[in-house]
Amino acid sequence: MDYSITYYSESVQEEILELPDTLAARYIVLTRRMVALGPNLGEPHTKAFGSGLFELRLKGAEGIARVFFCTIVGRRIVMLHSFVKKTSKTPLRELEIAESRLKEIKHANS
């Protein structure tokens, strides 16, 4: 049975689809793999942040982007937040947005 991908909100889905072309293409390739094989693709494609938060790591000609996601019982992957990286470290604000949304998803599904 395949996994399914959902989005925290329509705006999250729109942000991801509006990523620069090579990053959006990489997102599509990796999420197809996630649907078939599960969310843990291993580095350099995915990385665990702890507490059920993971990041999908996208690299393309236009730069680097990250998409935070979590998994829910029932083989569901929820995309929580995306951003294009401008620095080598993940900005704290981006991480806080993802963690806040993760708490909401966990609370709604408990």
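This is a predicted model, so every value here is computed, not measured.

What counts, and where the lines are drawn
Along each chain, numbering runs from 1 in the same order as the chain's sequence is written. Note on the predicted model: pLDDT of at least 70 is required for a residue's local features to be given, and 80 or more for side-chain atom pairs to be given and counted; whole-chain, interface and lining totals, by contrast, use all residues. With hydrogens and water excluded, all non-hydrogen atoms of the structure serve as input to the side-chain values. Note on aromatic contacts: the rings of Phe and Tyr and the six-membered ring of Trp form a pair at centre separations within 6.5 Å, being stacked when their planes are under 30 degrees apart, edge-to-face when over 60 apart, and tilted otherwise. Runs of H or I in DSSP of at least four residues are treated as helices and runs of E of at least two as strands, each being numbered from the N terminus. Think of it in three bands: with a 1.4 Å probe and only protein chains considered, a residue is buried below 20% of the maximum accessible area for its type, exposed above 50%, and partly exposed in between. Either the NZ atom of lysine or the CZ atom of arginine qualifies as a charge over a ring when it sits within 6 Å of the ring centre and within 35 degrees of the ring normal. DSSP calls a pair of strands paired once it identifies at least 2 bridges connecting them.

Peer 1: Which residues make up the packing of aromatic side chains, and what values go with them?
Peer 2: The relation between two aromatic rings is expressed through the spacing of the ring centres and the mutual angle of the planes. The full count for this structure, using the stated rule, is three aromatic pairs. Judged by centre distance (5.5 Å) and plane angle (20°), the ring pair of F54 and F69 falls under stacked. Separated by 15 residues along the polypeptide, F54 in strand 3 (residues 53–60) and F69 in strand 4 (residues 63–72) bring together distant segments of the chain. Ring centres 6.0 Å apart and planes at 25° place the aromatic pair F68 and F83 in the stacked group. On the criterion of sequence distance, the pair formed by F68 in strand 4 and F83 in strand 5 (residues 76–85) is long-range, its members being 15 residues apart. Of the two residues, F68 and F83, neither departs from the other in class, the shared state being buried. If you follow K47 out to its NZ or CZ, it ends over the ring of F49, 5.7 Å from the centre.

Peer 1: Explain the pairing of strand 4 to me, using residue names and the numbers behind them.
Peer 2: Burial runs high along strand 4: seven of the 10 residues are buried. Both strand 3 and strand 4 contribute to a ladder of seven bridges, which runs antiparallel. Bridged to L56 within strand 4 is V67.

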